[in-house]
Number of protein chains: 2
Amino acid sequence: MSTARQLKLGAFMRPVSIHTGAWRYPGAWKDANFNFQHLKRLAQTLERGKFDAFFMADHLALLNMPLDALKRSHTATSFEPFTLLSALSQATEHLGLVATASTSFDEPFHIARRFASLDHLSNGRAGWNIVTTSNPDAALNFGLEQHLDHDQRYARAREFHDVVTGLWDSWSDDAFTRDVATAEYFDPAKLHTLNHRGEHLSVRGPLHIARPVQGWPVIVQAGASEPARQLAAETADVIFAAPGNLEEGRAFYADVKARLAPLGRERDQLKILPAAFVVVGDTVQQARETRARLDSLVHYESAIASLSIALGTDASRFDPDAFLPPVPQTNDSQSSRERVLALADREQLTVRQLAQRLGGYAGLAFVGTAQTIADEMQEWLDGEGSDGFNVMFPWLPGGLDDFVDKVVPELQGRGIFRREYEGATLRENLGLARPANRFFTADQASPEKKI
Amino acid sequence: MSTARQLKLGAFMRPVSIHTGAWRYPGAWKDANFNFQHLKRLAQTLERGKFDAFFMADHLALLNMPLDALKRSHTATSFEPFTLLSALSQATEHLGLVATASTSFDEPFHIARRFASLDHLSNGRAGWNIVTTSNPDAALNFGLEQHLDHDQRYARAREFHDVVTGLWDSWSDDAFTRDVATAEYFDPAKLHTLNHRGEHLSVRGPLHIARPVQGWPVIVQAGASEPARQLAAETADVIFAAPGNLEEGRAFYADVKARLAPLGRERDQLKILPAAFVVVGDTVQQARETRARLDSLVHYESAIASLSIALGTDASRFDPDAFLPPVPQTNDSQSSRERVLALADREQLTVRQLAQRLGGYAGLAFVGTAQTIADEMQEWLDGEGSDGFNVMFPWLPGGLDDFVDKVVPELQGRGIFRREYEGATLRENLGLARPANRFFTADQASPEKKI
């Protein structure tokens, strides 16, 4: 067994895939949104591939796009994360189960309770992807006309985190004695009432559920803004990042890791996993053709709208099958414009191909053979661009099968990915310490995890 | 096959049993609160016994009792209902899965979404037990100092129901076309945005999840007050009732059923299921001894507090092993006092036995052989006291096994309980129509179910 640094791999899942053209790909499971048997098979394949976790993406409203574009997209609907992951907990044994839950439109008592319950049901495999929800359409589903502003959302999120983790610590690990002879089901000295009264939240507690198996479910965060980075450095176990290339990845990695020591946290106690869209072929050329075919399944009328927004000009007036003509600069979104122009130039894409790339998936991608993909992942790992990846598959189940059957053995052969799960819980597999109970210090814990 | 009227049977479950002494009973699964394997086995036994549904009791706070009493009780904690029932959906094929959810401390968008998701995961077996939550301790877990008053809670509950069912109707049953050739995943003409603005709630919608398999999950209600009865007559498919005896049961049944015709509802489209605690023995005497033993496992100090409250006097000053002395009348709770005195007299219980009965379970109970229990159930059914029962088991798994192995065959032999499930969904098994979609009238539905 190599002692090289090991990749951690999550799978960032929408039931039909993250790519908006995926449902039209030959062999794709286009009805997976409401077909649990498909999702069960996907989760079991991830477990066969020794993935750390299934990350369930989520929204609290129908995606905000014109109906004429939305009707092309399989992402309009899906199972709700808690019900889905609870069901998947019984179809898997090792795979982590990470649900997205919002600090803006839910109650900390409910959130603490559900994640604790999922952690018990899965024997320690739950994770909470904390999102502050910036979608104004979501607010309208919860009786709110206006969204909290960005800084207020983060202040509430921080307080929300402290309340949820405080509720998880309501009971000492050994509180439940269940002594038939003395008729004592639990020891009242090992129960703590939170009595939280803060700026945004007031929650008495205690939580009426035993302390989670992991102490606390794994805390995941995304978001790259300054308050998001600081919140993550203070509270997250895993960051789901979205750099566009290795250079950006290294800068983000260095910035966030440098924030840990001043907070008294160990550098390896926060794992940074960039999102990576991975397309596997027997040759690089074949992988590129697969991706081109997938992109071509994005409906053109939806796609061209994405390109118009990115360029800040009406792109529908261009010849779809020619290269992009010179595009005048505008005041809008210069950075996205520059990025799109560079992409068109680098890959020699026509207007149609460029639009469909943006309408499909345009973030960081590894497109090649198992060898070239493993090379790139290793370069990120060795170059301190990441601690692993949150992988997105081009279509399902085929894109996932290819990854597990071809890329995973290549990574294992290089000694940078596990052949067997190291531990029993998601925390153990990720190499994260079990948090101390802030109210009962005798609880089993490693010291480096701070509140 | 007999054409006699058929009993509908739910199981009202706390993981360790509803009886507070149950965890100390020999062979009881005292750790079932967080042991999913036990709950899976219980659900599968219920399905073997052809039960209609598993009803998950719930609270949104630690039970409100002194710690010295609470520490004796296994009811302090358990899995959260949605996560538990979602996991159980994969361990069963026919059993209905009914979760309690509060209209006072949750959001209609979340509630609509989770029940729809559970309905899809279970292929049409979800039910929603609507509660308004009268526990002031729960309010403190949700940032509220004060509870809404009773009438306001019911007004909000009614509006909440209308919003949730409106969200369930967001999509026509045939909205998802998934036409690869035309790139149309859904037909936008079959999507409806609710735009609800009411007195208590403001919810835009639409729900981003396909219409539930059952149209709407089965709506269950408890509560016996005037507004509760009217709300149930207007909106419920099932009432979980709690009469103390057949006379009370018949009065409640007649009252609620009479409310249906003026609302345009069929009499058989609302099922009334009283809670019944059932103890099975090979002889009546043996069943009584089993119950006495179970009651004796309720801790005396906790039990005597319950008796003091019921009598309106400090019962701890009485000799525990003598019969109750004359108890002076007080202004408090005269009806509960009368009922307790009658119970002590009827069953010739000592102070200790009486206290432990109250501390264990003191509602409607059938204690006897399979034959006498079936006689009583048939008397309720034929006498229009109920359409079935919500059965509670004295301890688990033994009390449930006895019911399924002994009482169920007796009921089946009399032709008043199914030998096989009639339908694929909970609605079909209960004999309830699938609700029409209020926005898309072409959806498959029977006409008698009104909003």
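For the structure itself, look to the data block above.
Residues numbered from 1 in each chain as written. Chains lettered and ligands numbered in written order. Predicted model: local features only at pLDDT ≥ 70, side-chain atom pairs only at ≥ 80, totals over all residues. Heavy atoms only, no water.

*Asks:* How should the pattern of salt bridges be read in this particular structure?
*Replies:* Proximity of charged atoms lets side chains of opposite charge pair with each other. For the structure on display, the rule yields 68 salt bridges over all chains. Between A:Arg418 and A:Asp52 there is a salt bridge; the shortest N-O distance is 2.7 Å. Of this pair, A:Arg418 sits in the loop between helix 14 (398-413) and helix 15 (426-430) while A:Asp52 sits in the loop between helix 1 (36-48) and strand 2 (53-56), placing them 366 residues apart in sequence. Of the two residues examined, A:Arg418 and A:Asp52, each falls in the buried class. Residues participating in the shared-partner salt-bridge network are A:Glu80, A:Asp106, A:Arg114, B:Glu80, B:Asp106 and B:Arg114. (Salt bridge = Lys/Arg side-chain N within 4 Å of Asp/Glu carboxyl O. Helix = DSSP H or I, 4+ residues; strand = E, 2+ residues; numbered from the N terminus. Buried < 20%, exposed > 50% of the residue type's maximum accessible area, 1.4 Å probe, protein only.)

*Asks:* Help me understand helix 12 (residues 351-360) of chain B in this model?
*Replies:* The α-helix advances 3.6 residues per turn, and as a result positions three or four apart in sequence lie on the same side. Residues and elements named next belong to chain B. By the criterion of burial, helix 12 is predominantly enclosed, with 7 of the 10 residues buried. Along helix 12, the residues that are buried comprise Val351, Leu354, Ala355, Gln356, Arg357, Gly359 and Gly360. Those residues of helix 12 that are buried are in contact with helix 9 (284-296), helix 10 (300-311) and helix 11 (334-347). (Contact = heavy atoms within 4.5 Å.)

*Asks:* Sorry if this is basic, but what is going on with the interface of chain B and chain A here?
*Replies:* For an interface, size is often stated in terms of accessible area lost upon the parts coming together. At the interface, 72 residues of chain B touch 72 residues of chain A. Both faces combined, the contact of chain B with chain A buries some 6,500 Å², and carbon together with sulfur accounts for 60% of it. On the surface where chain B and chain A come into contact, there are 8 salt bridges. Among the ionic pairs, A:Arg204 bridges to B:Asp137, the shortest N-O distance being 2.6 Å. For the pair chain B and chain A, the number of links is 34 residue pairs in polar contact (both at pLDDT 80 or more). Listing elements by their share of the side of chain B that touches chain A, those giving two or more residues are helix 1 (36-48), helix 2 (67-70), helix 3 (81-89), helix 4 (108-121), helix 5 (136-140) and strand 6 (202-203) of chain B. When residues in the side of chain B that touches chain A are grouped by element, the largest group, 8 residues, is from helix 4 of chain B. Residues belonging to the side of chain B that touches chain A are distributed by class as follows: 34 nonpolar, 20 polar and 18 charged. (Buried area = accessible area lost by both parts, 1.4 Å probe. Polar contact = N/O pair within 3.5 Å; in protein donor to acceptor, adjacent residues only side chain to side chain. Nonpolar A, V, L, I, M, F, W, Y, C, P; charged D, E, K, R; others polar.)

*Asks:* Please clarify how empty space enclosed by the protein should be interpreted in this entry.
*Replies:* Rolled over the atoms, a probe sized like a water molecule indicates the empty space that remains. Scanning the entire structure with this criterion turns up 6 cavities of 30 Å³ or more. Considering only enclosed or pocket space, the largest cavity measures out at about 60 Å³ in volume. A:Ala53, A:Phe55, A:Val238, A:Leu426 and A:Leu430 are the residues nearest the centre of the largest cavity, which is lined by 13 residues in total. The element contributing the most residues to the lining of the largest cavity is strand 1 (residues 8-13) of chain A, with 3 residues. Its residues placed into classes, the lining of the largest cavity shows 10 nonpolar, 1 polar and 2 charged. Each pocket or cavity is described by its volume, and for the second largest cavity that value is around 50 Å³. If you go around the second largest cavity, the residues you meet are A:Arg14, A:Asp58, A:His59, A:Ala61, A:Leu62, A:Leu63, A:Thr75, A:Ala76, A:Thr77, A:Ser78, B:Arg113 and B:His208. Classifying every residue of the lining of the second largest cavity gives 4 nonpolar, 5 polar and 3 charged. (1 Å grid on protein atoms, 1.4 Å probe; cavity = no way out; pocket = protein on both sides within 12 Å on 5 of 7 lines; lining within 4 Å. Points joined across faces, edges and corners; volume = space filled by probe spheres on them.)

*Asks:* Explain the packing of helix 1 of chain B against helix 3 of chain B here, please?
*Replies:* Geometrically, a packed helix pair is captured by the angle between its two axes and the distance between the axes. All names here are of chain B. As a packed pair, helix 1 and helix 3 sit with axes 10 Å apart at the nearest point and diverge in direction by 60 degrees. With respect to helix 3, the element helix 1 is oriented oblique. Between helix 1 and helix 3 lies a crossing of right-handed hand. Contacts between helix 1 and helix 3 pair Phe36, Leu39, Lys40 and Ala43 from the former with Leu84, Ala87 and Leu88 from the latter. A class-by-class count of the residues in the contact of helix 1 with helix 3 yields 6 nonpolar, no polar and 1 charged. (Axes fitted to C-alpha atoms, helices over the stretch in contact; angles between N-to-C directions. Parallel < 35°, antiparallel > 145°, perpendicular 65-115°, else oblique. Left-handed = near helix turned anticlockwise from the far one by under 90°.)

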